[in-house]
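Chains, contacts and geometry: an overview
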Amino acid sequence: YDFHGSWEKQWYQRRVRGATYFATLDEDPYITLPSAAKDEEDTYEVKPTDNLICVAKLEGEMSSIEVHLWNEAEEDFYVHHDILLDKFPLSLEWLSYDAGEQEEGSQRVPGNYLAVGHMSPQIEIWDLDIINSSEPIVTLGERVKPSKKKPKVGKKGHSDAVMCMSWSRQNTNILASGGADNTILLWDLETASAKEVLSNHKDKVQSLAWHLAESTTLLTGSYDSTCSLIDCRTKNSKTWAFDGEVECVSWTTTSPFSFVAGTSEGRAVCVDIRQTKPLFTIAAHDSEVSGVAMSRHMPGLLVTCSADKTVKAWKVTESAASCVATREFGDCMSLHTIALCPDYGTMLAIGGLQGGLQLWDLATNREFREAFSIPTQGS
């Protein structure tokens, strides 16, 4: 400071008398910006005990992916971050394969990615570990006008909306997608191109599921009221017909030879692939069965959801199933999908037309605990 007179110097000295000096900003208790920055970093940190739930969301003309974080031990549940989309999303599939461009000589390192199937019809793959990401790491397919013609094998992709996807955990560079163009494409993520076109259905392909152990066996469900089991090496297939459109399919976790299909008539059908007729059929809901899930942690646990606003838990045996818990989610209007937590066997995520993401711990239901012999907490 340039003092112009003695009175200015005296005034300044009186003003700063008793001032405290700190060597660094971290030592000053009145400066909180570094602490706030650290709190923000803690919020974005994903711990090994955290579970991420990805939700496709539509508000007016705005489309986005919300990545929710849930931690059972710390009772955390919040939106970790979101991804803004410029297309209408129809299907989601998590994968660990890095499909982005690689530098020469570098190796692909497993990561945390999300494939998003669109109405456009394209598939975008986003890196979930990047906050405020502005673009996907790769886009499969091209923007094309809807057509009834069979798409060519290659980068062109589907000719209509991408209805469903399934990533192969055995052949990690392979992603299967089903479209409203009645076809199934097998994508090679290493080259970002479709290597095979499967035309086993006469209507929209609504659901796909790779076999849990057989790496080339793919289960498909379609609006043509059939499920097909396809050997992707030989193209040989076996088909089962149902009394309604197939909305969803899932392999059972109790047997490598059986699967469950949900239909538009409100039925859940269990099929042994070695037989031509179903093992059993459940009159599960009053409207279409929009989602089915089998637990890897609790043998015999089947969960279904429906447009009738209800979620039901079933105890399944080799020849029958009994309902052990029911809950209505009226605020959701119509339920679209469900998923069981891979780490916490009774926690269920539910998505619907309204109401946002819902969570339900099945173990809070007394009848469920009794059916699966789960001890009451504290007993």
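Below or above, wherever it landed, is the structure these notes cover. Starting from 1, residues in each chain are numbered consecutively following that chain's sequence as written. A pLDDT threshold of at least 70 governs which residues receive local features in this predicted model, and a stricter bar of 80 or more applies before side-chain atom pairs are shown or counted, although totals over entire chains, interfaces and linings include all residues. Working from all heavy atoms in the structure, the side-chain values ignore hydrogens and water.

The next subject is the environment of G345. In this fold, G345 is placed in the loop between β24 (335-340) and β25 (347-352). In this structure G345 comes out as buried when scored by relative accessible area, which is 16%. The spatial distance from the C-alpha of G345 to the C-alpha of S295 is 6.6 Å, given a sequence separation of 50 residues. Any two residues whose heavy atoms approach within 4.5 Å are treated as being in contact. Beyond its immediate stretch of four places on either side in the chain, G345 contacts S295, H297, L301 and L340. Only DSSP runs of H or I with at least four residues qualify as helices, and only runs of E with at least two residues qualify as strands; both kinds are numbered from the N terminus onward. We call a residue buried when its accessible area falls under 20% of the maximum for its residue type, exposed when it is over 50%, and partly exposed in between, using a 1.4 Å probe and counting protein chains only.

Between 30 and 60 degrees the pair is tilted, below 30 it is stacked and above 60 it is edge-to-face, where a pair is any two Phe, Tyr or Trp rings, Trp via its six-membered ring, whose centres lie within 6.5 Å. One pass over the full model with this rule turns up 6 aromatic pairs. Where W94 meets W167, the ring centres are 5.8 Å apart and the plane angle is 85 degrees; that geometry is what we call edge-to-face. With W94 in strand β4 (residues 89-95) and W167 in strand β8 (residues 162-167), this pair connects stretches of sequence that are 73 residues apart. By relative accessible area, W94 is classed as partly exposed at 36%. On the basis of relative accessibility, which here comes to 4%, the residue W167 falls in the buried class. Measuring from centroid to centroid gives 5.5 Å for W240 and F259, while their planes differ by 70 degrees, and the two rings are edge-to-face. Taken together, the residues span a long stretch of sequence, with W240 in strand β15 (residues 237-241) and F259 in strand β17 (residues 258-263) at a distance of 19 residues. Under the relative-accessibility criterion, W240 is labelled buried at 4%.

Interpretation in functional terms is not warranted from these geometric data alone.
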